[in-house]
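# Architecture at a glance
The lines below spell out each chain.
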Amino acid sequence: MKHEVIPGVGPNDPRAERAEFLRRVRAEAAAAGVDVEPIIAVSVGPGPRAEFRESVAVVSIGNSREAHGPALAPDIDDRVAQAISTRLCDQLGARYLGHAPGCTDGVGEVSRRWSPDYQHPKAFVRSLAKFTHTLIEAHGRRALRLLVLISGHGGNGALGDHLADLALEIGVERCLYLPALRVIDDQGRARAPQHAGEDEHAVALALGPGCIDSEALHRANAAMAEPGPRYRLLRRHPAFAGMAGFYCFGGDVFDVIRGRYEGVKAAVRDVLERRRVQADPVRGREVIRASVTLAVDDVEQAARALGITVS
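A short tour of the structure in this document, coming up. Here the structure is a predicted model, which means the values were calculated and not measured.

### Re unusual backbone geometry
In this structure, R142 takes a positive phi of about 45 degrees despite not being glycine. With respect to the element layout, R142 can be found in the loop between α4 (121–139) and β3 (146–151). Positive phi, close to 60 degrees, is recorded for R275, a residue that is not glycine. Structurally, R275 can be placed in the loop between α11 (266–274) and α12 (281–305).

### Section: the side chain of H162
Positionally, H162 belongs in the loop between β3 and α5 (163–170). Of the residues examined, H162 reaches a relative accessible area of 16% and is grouped as buried. What H162 contacts, discounting residues up to four positions off in sequence, is P121, K122 and V125.

### Considering the nonpolar core
For soluble globular proteins, nonpolar side chains are generally found buried alongside one another. Among the nonpolar cores identified, the biggest contains 49 residues, and F52, L146, V148 and V299 are the most heavily contacted of them. Looking at this core element by element, the count peaks at 8 residues for α12. Here F52 is in contact with L92, G93, A94, V299, A303, I308, T309 and V310, once residues within four sequence places are set aside. The next biggest cluster of nonpolar side chains, apart from the first, holds 22 residues, and it includes A57, V59, I136 and L144.

### Let's talk about the packing of helix α6 (residues 198–207) against α12
Two numbers describe how α6 lies on α12: the axes approach to 7 Å, and their chain directions differ by 95 degrees. Between α6 and α12, the angle falls in the class roughly perpendicular. Residues D199, A202, V203, L205, A206 and L207 of α6 pack against P281, R283, G284, R285, V287 and I288 of α12. For the contact of α6 with α12, the residue count by class is 8 nonpolar, 1 polar and 3 charged.

### Focus on α5
Regarding α5, the residues found buried are L163, L166, A167 and I170. Angularly, the buried residues of α5 cover 100 degrees about the axis, an arc narrow enough to put them on a single face. Exposed side chains of α5 directed beyond 90 degrees from the buried face belong to A164, L168 and E169. In this structure, the buried residues of α5 make contact with α4, β3 and β4 (174–179). Phi turns positive, to about 80 degrees, at G171, one or two residues after α5.

Cut-offs used in this document
- Residues numbered from 1 in each chain as written.
- Predicted model: local features only at pLDDT ≥ 70, side-chain atom pairs only at ≥ 80, totals over all residues.
- Heavy atoms only, no water.
- Helix = DSSP H or I, 4+ residues; strand = E, 2+ residues; numbered from the N terminus.
- Buried < 20%, exposed > 50% of the residue type's maximum accessible area, 1.4 Å probe, protein only.
- Contact = heavy atoms within 4.5 Å.
- Core = buried A, V, L, I, M, F, W, Y, C linked by side-chain atoms within 4.5 Å.
- Axes fitted to C-alpha atoms, helices over the stretch in contact; angles between N-to-C directions.
- Parallel < 35°, antiparallel > 145°, perpendicular 65-115°, else oblique.
- Nonpolar A, V, L, I, M, F, W, Y, C, P; charged D, E, K, R; others polar.
- Arc of directions from axis to C-beta.

Okay, here's the thing in structure tokens:
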């Protein structure tokens, strides 16, 4: 058996320590009858939930540049979608293929006021299909049947009417769209949190400093204490706290936002009554856990419907 020899290496050199370590391990292996020749290859087993991993994959989508007020990162929707997607795949055993760029919105061109990268839903479907197809081929198509889209941007819900076309385009049996974040309301129904509201700030705090500027949120809440600073803040950051500035001061073009809610939009009412955005990282962790649990249930249900073995 040959040992590693390093000419000119002193006894205190780390390489000498390594050489002695390898000599000792190989000598023990040889004495135990184990072949110490170089390893040629390592076989990779199928892993847990092998069929599920081959049949189900997840792609996250969001919005890489959207106004959320003074504190949240402009790509917070991307970050949230990626965080939920990886947690979902950890629990399910599905493959996480990656994050697809681009975004759309159900309210149309007016969304460019806060989301400058807006694409018409049909244009977004085309670009999403092309990019997702590339991701699938890069990871190995194998037996993929169900593709799950986890979206951190609520406007991407406009994809709902195009999922059958998307599935046909990328060559899977079904595409399932799920909001990254969902909370349970007082009636026990799952709903997405309000744009740049308390839950979204709480989740950002739970995810970490790259997602939120805590000092900026503190300054914003301080400004909310008095009418003058409060309304100047909302005019300067109209997407903050459920689009409160657009909702309160925008022209008729923003009726598309107001008309989505019966009465006063809850997030707008809450921030003006409380005069602050109350963001709690403990609440954020609860929202993340609940969102992953709901997503797991939805994906498993969709998989069963396709005859994919879940357990």
